[in-house]
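# Per-entry structural report
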Amino acid sequence: MKALIVVDIQNDFMPFGALPVADGDAVVPVANALMPRFSLVVATQDWHPPTHGSFASNHPGTSPGDVIELGAVEQVLWPDHCVQGTPGASFHSALEVARIDQVVRKGTDPAIDSYSGFFDSDQRSATGLGDLLTQRAVDEIVVLGLATDYCVRATVTDAIGLGFGVTVVIDGCRAVDLSPGDGERAFAAMHSEGARILTCREI
Ligand code: VGL
Ligand code: ZN
């Protein structure tokens, strides 16, 4: 059984959002084209409290892009984004949300971030996505969304670690690229971990 995992297609990751991903809205039509072809579609949603520890605004004297230690792991600090219940946390208005069977929210604990749809960054707490997929007899997932170099990458790495077969839709992802090339390096890393990297047309 295959499932489609749609990662963080939220307003704050769009070019007009608080944590803009260049060309982020280009992933919306790719998600809309693929969703009808899967009997299980799960969407992840970055869902932070305003006090979240990944926000530079919650660490006086820091700026977005700085790196601190949060929950004993290295943490890049970000502008405030995807605050629970705000328009920035909503899915892009053109995403066909009626095709989503289940939404998994992550990053809700102020003390630790969660780029992955499966586990918090310290690997201690699970979101429930792994159990959901196992319950539904899923053994293969197809992943797309935002951002290639953070939440897509972490979700894929954890899925491979849990034993799922993973395909990443290359044209269905876009990167933050804090350093130029981060997105390309993330695709290379996911490939070397065992993910297949395909275009939407090849799915
Ligand atoms: C993400 C940075 C911070 C992502 C989420 O969805 O890739 N990136 N929070
Ligand atoms: Zn976040």
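Higher on the page you've got the structure.
As the structure is a prediction and not an experimental result, all values here were calculated from the model.

With that out of the way, let us pick up the pairing of strand S6 (residues 140-146). Most of S6 is tucked away, with 6 of its 7 residues classed as buried. Pairing of strand S1 (residues 2-7) with S6 involves 6 bridges; the strand directions are parallel. The residue of S6 that forms the bridge with leucine 4 is valine 142. Of the strand pairs in this sheet, S6 and strand S7 (residues 165-174) are connected by 6 bridges, and their pairing is parallel. Paired with glycine 145 across the strands is cysteine 173, a residue of S7. Each parallel crossover has a hand, and for S6 linked through helix H3 (residues 148-161) to S7 it is right-handed.

Attention shifts here to the packing of H3 against helix H4 (residues 182-193). Two elements in contact, H3 and H4, have axes whose closest approach is 10 Å; the angle formed by their N-to-C orientations is 5 degrees. Relative to H4, the element H3 is oriented roughly parallel. Where H3 approaches H4, its residues Thr148, Asp149, Tyr150, Val152, Arg153, Val156, Thr157 and Ile160 are matched on the opposing element by Asp182, Gly183, Ala186, Phe187, Ala189, Met190 and Glu193. Of the residues that constitute the contact of H3 with H4, the class distribution is 8 nonpolar, 3 polar and 4 charged.

What follows covers unusual backbone geometry. Residue alanine 147 is reached from leucine 146 by a cis peptide bond, and omega for that bond is -10 degrees. Secondary-structure assignment places alanine 147 in the loop between S6 and H3. With a phi close to 65 degrees, aspartate 23 is a non-glycine residue in the positive phi region. With respect to the element layout, aspartate 23 can be found in the loop between S1 and helix H1 (27-34). For aspartate 23, a relative accessible area of 42% translates into the label partly exposed. At alanine 137, a residue that is not glycine, the phi angle is positive and equals roughly 60 degrees. Summarising the element assignment, alanine 137 is placed in the loop between helix H2 (129-135) and S6. Relative accessible area serves as the criterion here: at 51%, alanine 137 is assigned to the exposed category.

Around a metal, the ideal angle is 109.5 degrees if four donors adopt a tetrahedral arrangement and 90 or 180 degrees if six donors adopt an octahedral arrangement. Distances from the zinc ion (ligand 2) to its protein donors, Asp46 (OD), His48 (NE2) and His81 (NE2), fall at 2.0 to 2.2 Å. If you look at the zinc ion (ligand 2), its 4 donor atoms make angles of 87 to 172 degrees with each other, and the shape they trace is irregular. For histidine 81, a relative accessible area of 3% gives the class buried.

Calculation criteria
- Here the residue numbering is sequential within each chain, running from 1 through the sequence in written order.
- Lettering of chains starts at A and numbering of ligands starts at 1, both following the order in which they are written.
- Reporting of local features is limited, given that this is a predicted model, to residues whose pLDDT is at least 70; pairs of side-chain atoms are given and counted only at 80 or more, and all residues count toward the totals for whole chains, interfaces and linings.
- In computing side-chain values, all of the structure's heavy atoms are included and hydrogens and water are not.
- Burial classification: accessible surface area is computed with a 1.4 Å probe over protein chains only, and a residue below 20% of its type maximum counts as buried, one above 50% as exposed, and the rest as partly exposed.
- Secondary structure elements are defined from DSSP: runs of H or I of at least 4 residues count as helices, runs of E of at least 2 residues count as strands, and each element is numbered from the N terminus.
- By the convention used here, strands pair only if DSSP detects at least 2 bridges between them.
- A right-handed crossover is one whose linking path, passing over the helix from the first strand to the second, runs clockwise when the strands point away from the viewer.
- The axes used here are C-alpha line fits, helices contributing only the stretch in contact, and every angle between their N-to-C directions lies in the interval 0 to 180 degrees.
- Working rule for angles: under 35 degrees goes down as roughly parallel, over 145 as roughly antiparallel, 65 to 115 as roughly perpendicular, anything else as oblique.
- By definition, residues are in contact when any of their heavy atoms lie within 4.5 Å.
- Three categories are distinguished: nonpolar for Ala, Val, Leu, Ile, Met, Phe, Trp, Tyr, Cys and Pro, charged for Asp, Glu, Lys and Arg, and polar for the others, with Gly belonging to the last.
- Sites may look incomplete because water is not among the atoms; the donors themselves are N, O and S atoms within 2.8 Å of the metal, or within 3.2 Å for Na, K and Ca.
- By the criteria applied here, four donors are tetrahedral when all angles lie between 85 and 135 degrees, four are square planar and six octahedral when opposite donors are over 155 degrees apart and every other angle lies between 65 and 115, and any other arrangement is irregular.

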